Protein chains: 10
Amino acid sequence: MLFMVEMTVRIPHSADPQAVDKLKADEKAFSQQLQREGKWRHLWRVVGQYANVSIFDVKDNDELHTLLTSLPLYPYMEMKVTPLAQHGSAIAQN
Amino acid sequence: MLFMVEMTVRIPHSADPQAVDKLKADEKAFSQQLQREGKWRHLWRVVGQYANVSIFDVKDNDELHTLLTSLPLYPYMEMKVTPLAQHGSAIAQN
Amino acid sequence: MLFMVEMTVRIPHSADPQAVDKLKADEKAFSQQLQREGKWRHLWRVVGQYANVSIFDVKDNDELHTLLTSLPLYPYMEMKVTPLAQHGSAIAQN
Amino acid sequence: MLFMVEMTVRIPHSADPQAVDKLKADEKAFSQQLQREGKWRHLWRVVGQYANVSIFDVKDNDELHTLLTSLPLYPYMEMKVTPLAQHGSAIAQN
Amino acid sequence: MLFMVEMTVRIPHSADPQAVDKLKADEKAFSQQLQREGKWRHLWRVVGQYANVSIFDVKDNDELHTLLTSLPLYPYMEMKVTPLAQHGSAIAQN
Amino acid sequence: MLFMVEMTVRIPHSADPQAVDKLKADEKAFSQQLQREGKWRHLWRVVGQYANVSIFDVKDNDELHTLLTSLPLYPYMEMKVTPLAQHGSAIAQN
Amino acid sequence: MLFMVEMTVRIPHSADPQAVDKLKADEKAFSQQLQREGKWRHLWRVVGQYANVSIFDVKDNDELHTLLTSLPLYPYMEMKVTPLAQHGSAIAQN
Amino acid sequence: MLFMVEMTVRIPHSADPQAVDKLKADEKAFSQQLQREGKWRHLWRVVGQYANVSIFDVKDNDELHTLLTSLPLYPYMEMKVTPLAQHGSAIAQN
Amino acid sequence: MLFMVEMTVRIPHSADPQAVDKLKADEKAFSQQLQREGKWRHLWRVVGQYANVSIFDVKDNDELHTLLTSLPLYPYMEMKVTPLAQHGSAIAQN
Amino acid sequence: MLFMVEMTVRIPHSADPQAVDKLKADEKAFSQQLQREGKWRHLWRVVGQYANVSIFDVKDNDELHTLLTSLPLYPYMEMKVTPLAQHGSAIAQN
């Protein structure tokens, strides 16, 4: 079951740079693990923004909530979640 | 080069049903041709809306504009276009 | 799996009153059937508005989209869909 | 008498973690007491957000205001309150 | 129990003037009856707008919804409803 | 001459609690003095918010500005001011 | 007593051109009469818009409401009214 | 050439009171000098706000930008600039 | 003196196609004449929209207003006008 | 391939003035280098704002993202990116 998630990251200027670097490295590792597992199906950068457009493939709403709130950068993220369905004109199955 | 395009369709209640059916059939055929050519890479329905989230793969802005304005339902669509770049944590290339 | 759906109905003043009455009666019958089946779990009126707040219990996004677009008044509705998860402090299971 | 209350929690990054943990535990206990008393009838998590959708059943506006402002996390909450009425198509009484 | 209701009237330019005059006369009569009964406690005009700010005193949400949707001009009104409580610094009781 | 004033109070979490308590006590005293003088004609709490809806009766815009900016909590308030006129259907004079 | 009024005119494309010309001529004549009387103190065109910024000098809210709703183009205008006070740094009196 | 400039001042609560007083005194002096020179043609206070509505008369866009960014309180101001033209119904020249 | 003007065209579906074609041809001719005169310095299409971003070079606000309201498609355009100044880091003069 | 980029700079009042001056000098140097290379084709100041309107000419979305995120002031900028295409009425090629 697919969801579009639009994430915008806002790290305060006062944050400790080393702690932020650690969070970003953890975020990257966790994100890539979820991509390899097929749960984070697509990940694109929004041009000019510290933001991404992502497609998640999960079994239900609870799994999606658990994944998103487990992201290391979650406390600094603003999220918009859009549930997606099969489109009648799509040649691929969701 | 990828772009996210969010399309919302608003057909007036006064429109002629047969003309609308013809437009929708043409839209579907054209959309599937573009999908098969790889230019309309993804097409998802937004739950509860007459709207979709799409990913286009085009060579430049002019090609994207030409494709979008060629859609049979274009006169009834509201569009939001977001340019996408390669994300540093993505395991796939755009 | 639960979703909150907020529906606002906007019927044009020019609509045929008899056709509208028929649509409303069909909407009521279909809504009550879905309530009895447990898919439309809650239905509340928003005070002062031709609008409701609803909770749907469906197996996935596709089922929700199919249900919502099957509503007789769907062509006149504006919808906002919010996916819901289990809350850690709730004493009841979703 | 029912009200939908949408609560979003925004705790500043600079807050003391222990004090926050204490507030969250108090919030959970108070919330569950109100749920058992039937005043906080439903509590759902919004997917991807530190936010909930709640249904309160109170005798009047003053009781609702007293309950909401008594929540331990109230100083960090943004609230949207929507009064609800009986819907003519609902098969259950409010 | 008090509610602030902000009503904005939008009558289409194509409406039949005589029918509109009839609706306005009915609206005035019904409004004054509710004012005399104490249910429509205050009624003020917003300067420069076809809009008002009103205070209703009702026994519950259902009564308010019934009153508002009974207004002759209701089909042409946009409404915003705000529940009010006793203010701790007010020298009068609500 | 009547004005609706909607006040929302936002006191930073970092403010000194004793100084805030003093401001609130001063605000209450000043507010009640203005109510007794008939200048602050109504004062209602917005349910669930640190906000109020107020009706002021002043001789002109300058008096209203002077009163509002004299409120002890003014530096922490966001205000929306709406000028009101006599409504043609009101049974009471403003 | 001064008010800024921002007026935007929206005449439907379907309106009868002769009736519109008549309304515009009446509007101009009435506007110039109010300017000569000193009630409509300033009138400026917003560049690129069928809109103006105006300053009215009236004795109270009721007079302003009466003037604005007497404008021949009033049924086609959207208005924003902002009450103004004497500024402490202004070298002229309002 | 006229421009409407709407200025809102937001001075952080943490600012040094003496430095702020100095800035306000400088702002007042500079503002009055520009008023006497005819460049800052009107200055009105918005009721209930730390904000003003101003009319500037400058020879071009560059002069306006230079004036606005020279204001002592500029770093704490949010500005909205609206270019104005001669209105066809105005009895005075801009 | 430069201004950015963002124009969005909204032609009603009910408009006569021949009249619209005539307006578009006139618009193109007039636009190209203004471009050749140097007054309409740049004209770009916004991707996916019936909209453009334009840069005008005029001697004052009145000239800009006259030009914009002379556009054949002006009655169907929504416009946003932004005055521009010389940027301190630009290597070219405006 | 052209893009409009609208940049707004928001430097916190608490930032170190010397560090900010260094950033601004670096920003200016980098911006002028990009202008000379033809990648930052236009740069205009928005009147009254610490903001600019820019036109970039890049080979694709990735190059634009790399350029924008390389700006020394990027961490303090809010950006809006609009892809542009050739306009059918433009006398110049993009």
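Residues numbered from 1 in each chain as written. Chains lettered and ligands numbered in written order. Predicted model: local features only at pLDDT ≥ 70, side-chain atom pairs only at ≥ 80, totals over all residues. Heavy atoms only, no water.

Student: Can you explain the overall build of chain A? Please cite residues and give values.
Tutor: Counting secondary structure elements, chain A contains two helices and four strands. For chain A, the succession of helices and strands along the chain, N to C, is β-α-β-β-α-β. Within the span of chain A, comprising 94 residues, buried residues form 53% of the whole. Long-range pairs, those at least 24 residues apart, make up 66% of the contacts in chain A between residues at least 6 apart in sequence. When the accessible surface of chain A is totalled, it reaches about 4200 Å², and 51% of it is carbon and sulfur. Each charge class in chain A was averaged separately, 10 positive and 11 negative side chains, and the resulting centres sit 5 Å apart. (Helix = DSSP H or I, 4+ residues; strand = E, 2+ residues; numbered from the N terminus. Buried < 20%, exposed > 50% of the residue type's maximum accessible area, 1.4 Å probe, protein only. Contact = heavy atoms within 4.5 Å. Areas by Shrake-Rupley, 256 points an atom, 1.4 Å probe, with all protein chains shown as cover. Lys, Arg positive; Asp, Glu negative; His and termini not counted. Charge placed at Lys NZ, Arg CZ, Asp CG, Glu CD.)

Student: Residue-level account of the UniProt feature "domain: Muconolactone isomerase" (unreviewed entry) in chain A, with values.
Tutor: Annotation from UniProt places "domain: Muconolactone isomerase" (unreviewed entry) at residues 1–89 of chain A. Across residues 1–89 of chain A, the secondary structure splits into 33% helix and 35% strand, with the terminal C-alpha atoms separated by 18 Å. (UniProt positions renumbered as here; feature names shortened; annotations may be inferred.)

Student: Could you give an account of the sheet that holds strand β4 (residues 77–85) of chain I, naming the residues involved and the relevant values?
Tutor: Backbone-to-backbone hydrogen bonds pair the strands of a sheet. The strands run either parallel or antiparallel. Taken together, the eight strands give a closed barrel; going around it, the order is β1(I)-β3(I)-β2(I)-β4(J)-β1(J)-β3(J)-β2(J)-β4(I), and neighbouring strands pair in antiparallel fashion. Averaged over all neighbouring strand pairs, the angle between strand axes comes to 35°, with direction disregarded. Note that strand β1 (residues 2–9) of chain I and β4(I) share seven bridges and pair antiparallel. Bridging across to β4(I), M4(I) finds its partner in T82(I). Lying on the sheet, helix α1 (residues 17–36) of chain J is in contact with β2 (40–46) and β4 (77–85) of chain J; it crosses β2(J) at an angle near 135°. (Pairing = 2+ DSSP bridges. Axes fitted to C-alpha atoms, helices over the stretch in contact; angles between N-to-C directions.)

Student: Explain the relation of the copies chain A and chain B to me, and be specific about the residues and the numbers.
Tutor: Mapping chain A onto chain B is achieved by rotating through 180° and translating by 0.0 Å along the same axis, at an RMSD of 0.0 Å. Taken together, these values place the two copies in the relation of a two-fold axis. Most of the interface of chain A is mirrored in chain B: 100% of its interface residues are interface residues there too. (Least-squares fit on C-alpha atoms with pLDDT ≥ 70 in both.)

Student: Before we move on, can you summarise the interface of chain A and chain B with the specific residues and values?
Tutor: Frequently, the measure chosen for interface size is the accessible area removed from exposure when the parts meet. Opposite the 28 residues of chain A that make contact, chain B presents 28 residues. Approximately 2500 Å² of surface area, both sides summed, lies buried where chain A meets chain B, with 65% of it carried by carbon and sulfur atoms. Together, W44(A), R45(A) and H87(A) form the three largest contributors to the area buried by chain A at its contact with chain B, with a combined 25%. Linking chain A to chain B there are zero salt bridges. The interface formed by chain A and chain B contains 14 residue pairs in polar contact (both at pLDDT 80 or more). Elements with a minimum of two residues in the side of chain A that touches chain B: β1 (2–9), α1 (17–36), β2 (40–46), β3 (51–57) and β4 (77–85) of chain A. When the residues that make up the side of chain A that touches chain B are grouped by side-chain class, the tally is 13 nonpolar, eleven polar and four charged. Sheet analysis places β2(A) next to strand β4 (residues 77–85) of chain B, joined by two bridges and oriented antiparallel. What sits directly across from V46(A), in β4(B), is L84(B). (Buried area = accessible area lost by both parts, 1.4 Å probe. Salt bridge = Lys/Arg side-chain N within 4 Å of Asp/Glu carboxyl O. Polar contact = N/O pair within 3.5 Å; in protein donor to acceptor, adjacent residues only side chain to side chain. Nonpolar A, V, L, I, M, F, W, Y, C, P; charged D, E, K, R; others polar.)

Student: Please set out the environment of K28(H) residue by residue, giving values where relevant.
Tutor: On the secondary structure map, K28(H) appears in helix α1 (residues 17–36). When its relative accessible area of 37% is taken as the criterion, K28(H) is described as partly exposed. Not counting residues up to four positions away in its chain, the partners in contact with K28(H) are G88(G) and S89(G).

Student: So what's going on with the sheet that holds strand β3 (residues 51–57) of chain F? Residues and values would help.
Tutor: Spatially, the eight strands close up into a barrel ordered β1(E)-β3(E)-β2(E)-β4(F)-β1(F)-β3(F)-β2(F)-β4(E), and their pairing is antiparallel. Averaged over neighbouring strand pairs, the angle between their axes works out to 35° when direction is ignored. Contacting β2 (40–46) and β4 (77–85) of chain E, helix α1 (residues 17–36) of chain E runs over the sheet at an angle of about 135° to β2(E). Here helix α1 (residues 17–36) of chain F sits on the sheet in contact with β2 (40–46) and β4 (77–85) of chain F, set at roughly 135° to β2(F).

Student: I'd like a rundown of the pattern of salt bridges, residues and numbers included.
Tutor: According to the stated counting rule, one finds 50 salt bridges over all chains in the structure shown. Across the pair D57(B) and R41(B) runs a salt bridge, and its minimum N-O distance is 2.9 Å. With D57(B) in strand β3 (residues 51–57) and R41(B) in strand β2 (residues 40–46), the pair connects residues that are 16 residues apart, well separated along the chain. By relative accessible area, D57(B) is classed as partly exposed at 24%. Taking the shortest distance from any N to any O, the salt bridge between K22(D) and D26(D) comes out at 2.8 Å.

Student: Pulling in residues and values, what's your account of the packing of aromatic side chains?
Tutor: Residue and element names in this part refer to chain C. Evaluation of the coordinates by the stated rule reveals ten aromatic pairs over all chains. Each ring, one from W40 and one from F56, has its centre 4.7 Å from the other, and the planes form 35°; the classification is tilted. Here W40 is found in strand β2 (residues 40–46), whereas its partner F56 is found in strand β3 (residues 51–57), with 16 residues between them in sequence. For W40, a relative accessible area of 2% gives the class buried. (Phe/Tyr/Trp six-rings, centres within 6.5 Å; stacked < 30°, edge-to-face > 60°.)

Student: Give me the arrangement of the chains: which residues, what numbers.
Tutor: A minimum C-alpha distance of 16 Å separates chain B and chain E, which share no contact. No part of chain C reaches chain G; the closest C-alpha pair between them is 16 Å apart.

Student: Go over the interface of chain J and chain B, please, and point to the residues and values.
Tutor: Listed per partner, the contact involves twelve residues of chain J and twelve residues of chain B. A buried area of about 870 Å², summed over both sides, lies between chain J and chain B, and 63% of it is on carbon and sulfur atoms. Sorting the residues of chain J by area buried against chain B places M1(J), N61(J) and P83(J) first, and these three jointly supply 50% of that buried surface. Between the two partners, chain J and chain B, sit zero salt bridges. Looking at the side of chain J that touches chain B, the elements that each hand over two or more residues are β1 (2–9), α2 (61–69) and β4 of chain J.

Student: Can you explain the side chain of N61(I)? Please cite residues and give values.
Tutor: Relative to the helices and strands, N61(I) resides in helix α2 (residues 61–70). Assessed through its relative accessible area of 0%, N61(I) is described here as buried. Among the polar contacts listed, one links the side chain of N61(I) to the backbone oxygen of L2(H), at a separation of 3.0 Å. Ignoring anything within four residues of it in the chain, the contact list for N61(I) reads V47(G), M1(H), L2(H), F3(H), P83(H), L84(H), A85(H), M1(I) and F3(I).

Student: Account for the relation of the copies chain J and chain B, naming residues and giving values.
Tutor: Turning chain J through 180° and shifting it by 0.0 Å along the axis lays it on chain B, with an RMSD of 0.0 Å. The fraction of interface residues of chain J whose copies in chain B are also interface residues reaches 100%, indicating that both copies meet through the same surface.

Student: Residues and numbers for the side chain of S89(I), please.
Tutor: Position of S89(I) among the secondary structure elements: in the segment after β4. When neighbours within four sequence positions are excluded, S89(I) is seen to be in contact with K28(J), S31(J), Q32(J), Q35(J) and L43(J).

Student: Now, about the pairing of strand β1 (residues 2–9) of chain D: what can you tell me, with residues and values included?
Tutor: Residue and element names in this part refer to chain D. Most of β1 sits out of view: seven of its eight residues are buried. Note that β1 and strand β3 (residues 51–57) share seven bridges and pair antiparallel. Residue pairing for β3: M4 is matched across the bridge by I55.

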